[in-house]
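What the coordinates show
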Amino acid sequence: MCIRLCFNWWEGREYFIKEFFISRKRQNQGAGSTFLALINNILSTEEIRHITLATEKTVPAYQFYQKNGFSVLKDSVYLVKRVPE
């Protein structure tokens with residue numbers, strides 16, 4: 001399952017993956033990589049310039065995304081602020 005959003009960005013359109021997951025039963029069988037390859041092919045025909053997402057460095061998804069061509073942006077950060085209770 002993939003929940004995504006498309007945005008206009010200064011370099012062109014951007015496809016932001018909000019949530020992406022593969023059933024535990026299907027993980028490590030190539031389903032996620034196949035999905036990303038298919039999405040990449042579709043997006044290239046729709047003038048989408050970038051696929052972006054956020055993940056944590058401590059979860060297996062971090063290596064999965066790197067294996068599938070994603071890289072850490074050296075000039076960008078993902079910021080968070082706790083809302084006081």
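The paragraphs below set out a description of the structure included in this document. (Residues numbered from 1 in each chain as written. Predicted model: local features only at pLDDT ≥ 70, side-chain atom pairs only at ≥ 80, totals over all residues. Heavy atoms only, no water.)

When its secondary structure is counted, the protein shows two helices and three strands. Along the longest, intermediate and shortest principal axes, the C-alpha atoms of the protein span 40 × 35 × 25 Å. For the protein, the proportion of its 85 residues judged to be buried stands at 18%. Counting contacts in the protein only where the partners sit at least 6 residues apart, residues at least 24 apart contribute 46% of the total. As presented, the protein carries roughly 7500 Å² of accessible surface, and 53% of it is formed by carbon and sulfur atoms. Considering the protein, the positive charge centre built from 12 side chains and the negative charge centre built from 8 side chains are found 7 Å apart. (Helix = DSSP H or I, 4+ residues; strand = E, 2+ residues; numbered from the N terminus. Buried < 20%, exposed > 50% of the residue type's maximum accessible area, 1.4 Å probe, protein only. Contact = heavy atoms within 4.5 Å. Areas by Shrake-Rupley, 256 points an atom, 1.4 Å probe, with all protein chains shown as cover. Lys, Arg positive; Asp, Glu negative; His and termini not counted. Charge placed at Lys NZ, Arg CZ, Asp CG, Glu CD.)

What follows deals with the packing of helix α1 (residues 31-45) against helix α2 (residues 60-67). Following both chains from N to C, one finds α1 and α2 inclined at 45°, their axes separated by 11 Å at the closest point. Classed by the angle they form, the pair α1 and α2 counts as oblique. The hand of the α1/α2 crossing is right-handed. Of α2, the residues touching α1 (which contributes Gly32, Ser33 and Leu36) are Phe64, Tyr65 and Lys67. (Axes fitted to C-alpha atoms, helices over the stretch in contact; angles between N-to-C directions. Parallel < 35°, antiparallel > 145°, perpendicular 65-115°, else oblique. Left-handed = near helix turned anticlockwise from the far one by under 90°.)

Let's shift gears to α1. Residues lying three or four places apart along an α-helix face the same way, a consequence of the helix completing one turn every 3.6 residues. Relative to the 21 Å expected for 15 residues at 1.5 Å per residue, α1 spans 22 Å between its end C-alpha atoms, a close match to the ideal helical length. Inspection of α1 places Ala31, Gly32, Ser33, Leu36, Ile39 and Leu43 among the buried residues, and these make up the whole buried set. Buried-residue contacts for α1 involve β2 (12-20), β3 (48-53) and α2. Note on α1: the residue one or two positions beyond its end, Glu47, has a positive phi of about 60°. (Expected span 1.5 Å × (residues − 1).)

Turning to the side chain of Thr52, a few remarks are in order. Relative to the assigned elements, Thr52 resides in strand β3. Within polar-contact distance, the side chain of Thr52 engages the side chain of Glu14 at 3.1 Å. Dropping the residues within four chain positions of it, Thr52 is found in contact with Glu14, Tyr15, Phe16 and Ile17. (Polar contact = N/O pair within 3.5 Å; in protein donor to acceptor, adjacent residues only side chain to side chain.)

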